[in-house]
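# Structural description and commentary
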Amino acid sequence: MKAVVIEQYGGKEQLKENEVPKPEINDEQILIEMRSTSVNPIDWKVREGYMKDVLDWSFPIILGWDAAGVVSKVGNNVTQFKEGDRVFTRPETTPDGTYKEYIAVEEHLVAHMPERVSFEEAAAAPLAGLTAWQCLFETANLKEGEKVLIHAGSGGVGHYAIQIAKAVGAYVATTASGKNKEFVETLGADHFIDYKTEQFENILEDYDVVLDTIGGDVQEKSFEVLKKGGRLVSITQQPSEELANKYNVEATAIFLQPKGEQLRKLADLMQQGKVKSIVSKAFPLSVEGIQKAHELSESHHAKGKVVIQVQPSAC
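This is a predicted model, so every value here is computed, not measured.

### Remarks on helix α10 (residues 287–298)
If you check α10, its first and last C-alpha atoms are 16 Å apart, about what 12 residues at 1.5 Å a residue would give, namely 16 Å. Of all the positions in α10, only Gly289, Ile290, Ala293, His294 and Ser297 are classed as buried. All buried residues of α10 fall inside an arc of 130 degrees around its axis, so they share one side. Looking at the buried positions of α10, the neighbouring elements they touch are β1 (2–6), β2 (15–19), β3 (29–39), α1 (41–48), β14 (279–284) and β15 (305–309). Following α10 by one or two positions, histidine 300 has its phi on the positive side, about 65 degrees.

Below, the structure written as structure tokens:
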């Protein structure tokens, strides 16, 4: 089967097309014929070698950790899925990713796709959506009526986080560029802050939760908007313990853990129309297509998610 791989770390020119064996499945696994995958920052960070100390893998590496497709085969012990089912998943983080035509994945990590959701929309959701879910609920324990600041609300994680937070009845402030004001407001944001012209730390106060997707100075300034006992969760870097003590708040960083039960809850919100994937652009499964997709993701200017169509007619 066709796959796009890297055989050494470096720029987008390291992406190569290869023929690789079609996966075999064990009794607990499902074989998925891929329709779409998506690009996340972890993809090009691994490609560049930024994560080699954390993910000590041998080459070749197949990037990509989102998948939507059709069940092609099920293991002997699989009970919740059958051939022909439309499914999506965030597989385990391994060097055998999803830039390819078939994947084998454990049943407990798979969810049925919501009706009326395209393969592209489904493939966009698992990694970014679960990251938002785990930040807001599993780590920050966000509750109805609380106030949350979500940085970069027009981005991959941010646009899901706004919708998920609104679904539980939170008040949402978000930062983005002025051109994305209407976009984040249509997602449910209550308070928009143009990061190019406004200083969020001078505007907001007494917030319960901050979701940091940027790090650096933005993370440090975010401590200032939290009330005592507030919670800061970052997906970029471990927050300062010194600042957490100074402001009397909880602060931590998370690294996504794939969890099928949470993906199924996210699917329920998508089915109810409370959460939707915004796909900024779709590219084909080819070296050129994935190079362009990485370039767009690295620009940090994509609205929502960047998707790879494994089969061009995906719908």
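### Overview of the UniProt feature "domain: Enoyl reductase (ER)" (unreviewed entry) in the chain
Within this structure's numbering, the places UniProt gives as "domain: Enoyl reductase (ER)" (unreviewed entry) are residues 10–308. Across residues 10–308 one finds 30% helix and 26% strand; the C-alpha atoms that close the span lie 21 Å apart.

### A closer look at the sheet that holds strand β11 (residues 207–212)
Across the sheet, which stays open at both edges, the 6 strands sit in the order β10-β9-β8-β11-β12-β13 with parallel pairing between neighbours. Looking at the sheet topology across the chains shown, the edges are occupied by β10 (191–194) and β13 (250–253). Within the sheet, the average angular offset between the axes of one strand and its neighbour, ignoring direction, is 15 degrees. Inspection of the sheet shows β11 paired to strand β12 (residues 226–234) by 5 bridges, in the parallel sense.

### So, the nonpolar core
Counting residues in hydrophobic clusters, the biggest one holds 90 residues, and the most contacted among them are Phe88, Leu136, Val148 and Ile164. Ranked by the residues each element gives to this core, the list is headed by helix α3 (residues 126–139), at 8 residues. No fewer than three residues from each of domain 1 (2–126 + 257–309) and domain 2 (128–253) sit in this core. Every residue in contact with leucine 136, bar those within four places of it in the chain, is listed here: Asn141, Leu142, Val148, Ala161, Ile164, Ala165 and Leu211. Listed in part, the 14 residues of the second largest apolar core include Ile193, Val210, Val225 and Leu226.

### Section: the pairing of strand β4 (residues 67–74)
Judged from the 6 bridges that link them, β3 and β4 form a sheet pairing that is antiparallel. Bridging from a neighbouring strand, isoleucine 30 pairs with valine 74 of β4. Alignment of β4 against strand β5 (residues 86–89), held across 4 bridges, turns out to be antiparallel. Bridge assignment links alanine 68 to a residue of β5, and that residue is phenylalanine 88.

### Some remarks on the domain arrangement of the chain
Domain boundaries in the chain define domain 1 (2–126 + 257–309) and domain 2 (128–253). Once you take the C-alpha centre of each, domain 1 and domain 2 turn out to be 26 Å apart. For the pairing of domain 1 and domain 2, the buried interface totals around 1700 Å² over both sides, and the portion due to carbon and sulfur atoms is 57%. Between the two partners, domain 1 and domain 2, sit 1 salt bridge. Across the pair lysine 259 and glutamate 138 runs a salt bridge whose closest N-O atoms are separated by 2.7 Å. Taken together, the connections running from domain 1 to domain 2 amount to 12 residue pairs in polar contact (both at pLDDT 80 or more). Mapped onto the side of domain 1 that touches domain 2, the elements with two or more residues apiece are α2 (119–124) and α9 (260–271). Top element by residues in the side of domain 1 that touches domain 2 is α9. It accounts for 5 residues. Its residues assigned to classes, the side of domain 1 that touches domain 2 shows 9 nonpolar, 5 polar and 8 charged.

### Some words on the pairing of strand β9 (residues 171–176)
Note on strand geometry: in a regular strand, side chains alternate between the two faces of the sheet. Summarising burial for β9: 5 of the 6 residues are buried, a large majority. Both strand β8 (residues 147–150) and β9 contribute to a ladder of 4 bridges, which runs parallel. When the bridges of β9 are listed, lysine 147 appears paired with tyrosine 171. A crossover connection joins β8 to the parallel β9 through helix α4 (residues 156–167); in handedness this β-α-β unit is right-handed. Examined bridge by bridge, β9 and β10 share 4 bridges and lie parallel to one another. Looking at the pairing, threonine 175 lines up with isoleucine 193 of β10. Taken together, β9, helix α5 (residues 181–187) and β10 constitute a β-α-β crossover, and its handedness is right-handed.

Here is what the cut-offs are and how they apply
Residues numbered from 1 in each chain as written. Predicted model: local features only at pLDDT ≥ 70, side-chain atom pairs only at ≥ 80, totals over all residues. Heavy atoms only, no water. Helix = DSSP H or I, 4+ residues; strand = E, 2+ residues; numbered from the N terminus. Expected span 1.5 Å × (residues − 1). Buried < 20%, exposed > 50% of the residue type's maximum accessible area, 1.4 Å probe, protein only. Arc of directions from axis to C-beta. Contact = heavy atoms within 4.5 Å. UniProt positions renumbered as here; feature names shortened; annotations may be inferred. Pairing = 2+ DSSP bridges. Axes fitted to C-alpha atoms, helices over the stretch in contact; angles between N-to-C directions. Core = buried A, V, L, I, M, F, W, Y, C linked by side-chain atoms within 4.5 Å. Domains from an automatic or database assignment. Buried area = accessible area lost by both parts, 1.4 Å probe. Salt bridge = Lys/Arg side-chain N within 4 Å of Asp/Glu carboxyl O. Polar contact = N/O pair within 3.5 Å; in protein donor to acceptor, adjacent residues only side chain to side chain. Nonpolar A, V, L, I, M, F, W, Y, C, P; charged D, E, K, R; others polar. Right-handed = clockwise from strand over helix to strand, strands pointing away.

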